[in-house]
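Structure at a glance
Each chain is listed here by its residues.
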Amino acid sequence: MQASQDCDVLVIGGGPAGSTMATLLARQGRRVVMLEKDQHPRFHIGESLLPGNVALFEALGVREQVEKIGMPKFGIEFVPPDLDDRSYVDFSEGWDPSKDSAWQVRRSELDELLFRNASTQGAVAIEGAKVRQVDFDDEGATVQAVLQDGAPQTWRARFVVDASGRDTVLASKLKSKQKNPEHNSTALFGHFRNARRLEGRREGNISICWFEHGWFWFIPLADGTTSVGAVCWAYYLKARDKPLKDYFFDTIAMCPELHDRLKNATLVDDMVHATGNFAYSSTHATGDRYLMVGDAFTFIDPMFSSGVFLAMQSAFDGARLVETALDRPAELPAARRVLEKRIRLGPRDYSWFIYRVTNPTIRDMFMHPNNNFKVKQGLMSLLAADIHQGWVYRGSLFMFKVVYYFVSVINWRRTLAGWKRHRYNIRDMGQLRGETILKSD
Ligand SMILES: Cc1cc2nc3c(=O)[nH]c(=O)nc-3n(C[C@H](O)[C@H](O)[C@H](O)COP(=O)(O)OP(=O)(O)OC[C@H]3O[C@@H](n4cnc5c(N)ncnc54)[C@H](O)[C@@H]3O)c2cc1C
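What counts and how
- Residues numbered from 1 in each chain as written.
- Predicted model: local features only at pLDDT ≥ 70, side-chain atom pairs only at ≥ 80, totals over all residues.
- Heavy atoms only, no water.
- Helix = DSSP H or I, 4+ residues; strand = E, 2+ residues; numbered from the N terminus.
- Expected span 1.5 Å × (residues − 1).
- Contact = heavy atoms within 4.5 Å.
- Core = buried A, V, L, I, M, F, W, Y, C linked by side-chain atoms within 4.5 Å.
- Buried < 20%, exposed > 50% of the residue type's maximum accessible area, 1.4 Å probe, protein only.
- Domains from an automatic or database assignment.
- Buried area = accessible area lost by both parts, 1.4 Å probe.
- Near = heavy atom within 4 Å.
- Polar contact = N/O pair within 3.5 Å; in protein donor to acceptor, adjacent residues only side chain to side chain.
- Areas by Shrake-Rupley, 256 points an atom, 1.4 Å probe, with all protein chains shown as cover.
- Nonpolar A, V, L, I, M, F, W, Y, C, P; charged D, E, K, R; others polar.
- Pairing = 2+ DSSP bridges.
- Axes fitted to C-alpha atoms, helices over the stretch in contact; angles between N-to-C directions.
- Parallel < 35°, antiparallel > 145°, perpendicular 65-115°, else oblique.

**Observations concerning helix α13 (residues 391-410)**
Here α13 is 20 residues long and its end C-alpha atoms lie 28 Å apart, about the 28 Å a rise of 1.5 Å per residue gives. Against α10 (332-355), α11 (360-367), α12 (375-383) and α14 (412-425) lie the buried residues of α13.

Below is the structure:
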């Protein structure tokens, strides 16, 4: 039997949430151990960042490093299913014009950079260590992991942070993970060389192209490759009757604009990925001796590229909760209530739009945004992840919803049709083959 090693906090997972948490706690002088099951650099999807990320990188001391690997991104292009219309919005149109840009990044590079930064700041960051079991008791927790050579290793920790992403180690153990009944999407994606991009300052912008069964992302990366993915309803992936790559190309053909941009492009490594059933939440994020952050707590549709921001922001908020748990346990119940509320704020704001994205009224408001009642400013602050702006931002988001409901009622027939379509799209299709990432078959 291997002797267990002691630490203050054990962080499960070395993605953006875990590395952020480990960095912040190590800076507080805690003994932090972060266990990552893979070896960095490792592939991960989720390459489009938001202006809200920039201040977080700054606070971690890695802003310049991220800038070096990133493709500058100033806004979003929306492309409807028909060819003749486009809408371009800039992040600088939000409430804080200084939050005007972010980057598109290769996640293998970003995640490695954040992980190494955590160990520079004093965390013990171990790769190739997969957490298999966590047992809580009155003093803390015993965490058992298996190292890459198969050797078991045990840690004793006063507090455990679950940042294991969609593996949801603690939510699965505690049976607190619930599928989101309001959403049910899947994704097919690959990387292309030689895709036709937008020109000039817009080259690095993300394009969102709608098609009959969902929407596409088109994300230009700094090394010249472009990430392309179809987020589609579960029924569509379930109906797949041919190899993944063929199905992906058939799907691209349903979007004439994208098809045209990719007509001279080649698929990198001939590789297409699929992932399924991906909206869920844990019933709670905190316990007396644990906290779930990032995707380990909740995952929403990636339409607004909010995942990395929400993961890192929840780690910033969570680090304060861990501090309270370790130093002032009497204050923990109140701190838990605050965090439970705050960690849901961003996902709730984004989800309101995601649930209605098939509704023609929302599409119109994205395609022809006007700033009456400052609704465009509110929308752009949300899209820039500037979501803690206070009442001016909240007020403009509220007005956006008022306008939306008003227009929806006036056009009640198409609203009803949109609602029916939404119910049809999100119907339960059972377990999909792509529950975890599938590669080209
Ligand atoms: C199709 C798709 C497209 C997306 N697009 C975007 C986008 O454009 N922009 C964006 O911001 N977000 C996007 N996201 C979301 C984004 O990828 C995630 O929200 C983000 O990675 C969450 O970070 P995290 O640190 O919580 O989890 P992760 O990044 O998943 O990190 C979790 C880490 O934990 C490790 N781990 C898991 N289990 C264990 C274990 N038992 N022991 C040890 N280690 C473990 C994993 O190996 C991993 O490194 C997308 C997601 C999907 C599915």
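**What about the nonpolar core?**
Counting 89 residues, the largest nonpolar core has Met21, Tyr350 and Phe353 as its most contacted members. Among the elements that take part in this core, helix α9 (residues 307-327) stands out by supplying 12 residues, more than any other. Counting residues domain by domain, this core receives three or more from each of domain 1 (5-70 + 105-178 + 281-349) and domain 2 (72-103 + 184-277 + 357-441). Not counting residues within four places of it along the chain, the set of residues in contact with Met21 comprises Val11, Val161, Leu291, Val293, Ala315, Gly318, Ala319 and Val322. Residues Phe192, Phe211, Tyr235 and Phe248 belong to the second largest nonpolar core, which totals 29 residues.

**Overview of the domain arrangement of the protein chain**
When cut into domains, the protein chain gives domain 1 (5-70 + 105-178 + 281-349) and domain 2 (72-103 + 184-277 + 357-441). Distance between the C-alpha centres of domain 1 and domain 2: 27 Å. Taken together, the contacts link 29 residues of domain 1 with 36 residues of domain 2. Roughly 2,800 Å² is buried in total at the junction of domain 1 and domain 2, and carbon and sulfur atoms are behind 66% of that figure. The three residues of domain 1 that bury the most area against domain 2 are Pro51, Met303 and Asp349, which together make up 23% of that side's buried surface.

**Let's talk about the site of the ligand**
What surrounds the ligand is a group of 36 residues, the closest being Glu36, His44, Ser48, Asp295 and Val308. Residue Ser305 places a main-chain N or O atom 3.2 Å away from an oxygen atom belonging to the ligand. Contact with the protein chains covers 96% of the free accessible surface of the ligand, which is 1,000 Å². Mapped onto the shell around the ligand, the elements with two or more residues apiece are α1 (16-27), β2 (32-36), β8 (129-136) and α9. Partitioned by chemical class, the residues of the shell around the ligand number 15 nonpolar, 12 polar and 9 charged.

**Side note on the sheet that holds strand β18 (residues 280-282)**
A sheet is described by the order of its strands in space; here 3 strands give the open sequence β11-β18-β20, paired in antiparallel fashion. Only two strands of the sheet have a single neighbouring strand rather than two, namely β11 (177-179) and β20 (298-299). Pairing geometry for β18 and β20, over 2 bridges, is antiparallel. Considered in β20, the bridge of Ser281 is made with Thr298.

**Let's talk about the packing of α11 against α14**
Axis separation between α11 and α14 bottoms out at 8 Å; the angle between their running directions is 105°. It follows that α11 is roughly perpendicular to α14 by the angle criterion. Contact residues: Pro360, Thr361 and Asp364 in α11; Arg414, Thr415 and Gly418 in α14. The residue makeup of the contact of α11 with α14, split by class, is 1 nonpolar, 3 polar and 2 charged.

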